[in-house]
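Observations on chain architecture
One-letter residues, chain by chain:
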Amino acid sequence: LDLNNKDNKKNKYSTKNTKYYIHINKPKIEIQNFDFIDLDNIDHIKNNTATDIFVYDLFEYIPHASIFHIYQNIIDKLKITGKLYIQGTDFKFICLGLIGAQIDMNIIRSIIFGNNKKNVFSLGDIKQLLISSNNMDISKIQLINGSQYYIECTKNG
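The following refers to the structure shown. (Residues numbered from 1 in each chain as written. Predicted model: local features only at pLDDT ≥ 70, side-chain atom pairs only at ≥ 80, totals over all residues. Heavy atoms only, no water.)

1. Comments concerning the nonpolar core
Nonpolar side chains in soluble globular proteins generally cluster together in the buried interior. Ranked by internal contacts, the top residues of the largest apolar core, which has 29 residues, are I22, V55, F59, I74, L84 and I86. Listed by contribution, the elements that provide at least two residues to this core are strand 1 (19-23), strand 3 (50-56), helix 2 (67-77), strand 4 (78-89), helix 5 (123-133) and strand 6 (148-155). Not counting chain neighbours up to four residues away, the residues in contact with F59 comprise I67, Y71, I74, I86, N119, F121, I126 and L129. In this structure, Y21, F34, F54 and Y150 belong to the second largest nonpolar core, which totals 5 residues. (Core = buried A, V, L, I, M, F, W, Y, C linked by side-chain atoms within 4.5 Å. Buried < 20%, exposed > 50% of the residue type's maximum accessible area, 1.4 Å probe, protein only. Helix = DSSP H or I, 4+ residues; strand = E, 2+ residues; numbered from the N terminus. Contact = heavy atoms within 4.5 Å.)

Following this line, the structure appears as structure tokens:
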């Protein structure tokens, strides 16, 4: 494999897989059946081609003013009936855990400020973002471990 070959660089993201995990940090453990795409390279995915996109706490790393634009760009990559899976930490539940002495302050700091995070959200914030785009149908919402939200939604026509 010649890494200096322009064709190899061009095809770096040209896989037959149409399932993508999008983030700014590559996961230490690969997410099975999903190809990792760095957010900076999202335009390597053609619009209306992805069947599944998974974002785990991605929005927490993005400045607030850019959230809707990046979210819309992600939706543009999905085919009609493509699925978007969003998971992240629910800030309101974290605060309740702190007040109820169920979560230590050091854990709160690492959750909120870890790895250069720039934002915090609640389940309600993310749900409002999905509703505002008007082209996503929410099919599943659940809380995981009392502090994380998980949302599945489908791109509609």
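2. A look at the sheet that holds strand 4
Here 6 strands make up an open sheet; going across it, the order is 2-1-3-4-6-5 and the pairing mixed. The open sheet has two edge strands with one neighbour each: strand 2 (35-38) and strand 5 (136-144). Here the average twist between neighbouring strands, direction ignored, is 20 degrees. Across 8 bridges, strand 5 lies against strand 6 in antiparallel orientation. (Pairing = 2+ DSSP bridges. Axes fitted to C-alpha atoms, helices over the stretch in contact; angles between N-to-C directions.)

3. Some thoughts on the packing of helix 2 against helix 5
In contact at an axis separation of 11 Å, helix 2 and helix 5 are set at 60 degrees when each is read in the N-to-C sense. Considering their axes alone, helix 2 and helix 5 lie oblique with respect to each other. For helix 2 against helix 5, the interelement crossing comes out right-handed. Where helix 2 approaches helix 5, its residues I67, F68, Y71, Q72 and I75 are matched on the opposing element by L129, L130, S132 and S133. Grouping the amino acids of the contact of helix 2 with helix 5 by side-chain chemistry returns 6 nonpolar, 3 polar and no charged. (Parallel < 35°, antiparallel > 145°, perpendicular 65-115°, else oblique. Left-handed = near helix turned anticlockwise from the far one by under 90°. Nonpolar A, V, L, I, M, F, W, Y, C, P; charged D, E, K, R; others polar.)

4. Overview of the layout of surface pockets
In this structure, the largest pocket encloses a volume near 310 Å³. As for the largest pocket, its lining consists of 13 residues, and the residues nearest its centre are N25, Y56, D57, Y61 and N115. Broken down by class, the residue content of the lining of the largest pocket amounts to 4 nonpolar, 5 polar and 4 charged. (1 Å grid on protein atoms, 1.4 Å probe; cavity = no way out; pocket = protein on both sides within 12 Å on 5 of 7 lines; lining within 4 Å. Points joined across faces, edges and corners; volume = space filled by probe spheres on them.)

5. Some points on the packing of aromatic side chains
Within the structure shown, the criterion is met by 6 aromatic pairs. With a centroid separation of 6.1 Å and an interplanar angle of 40 degrees, the aromatic rings of Y21 and F36 are classed as tilted. Placement of Y21 in strand 1 and of F36 in strand 2 is noted, with a sequence separation of 15 residues between them. Classification of Y21 as buried rests on a relative accessible area of 6%. (Phe/Tyr/Trp six-rings, centres within 6.5 Å; stacked < 30°, edge-to-face > 60°.)

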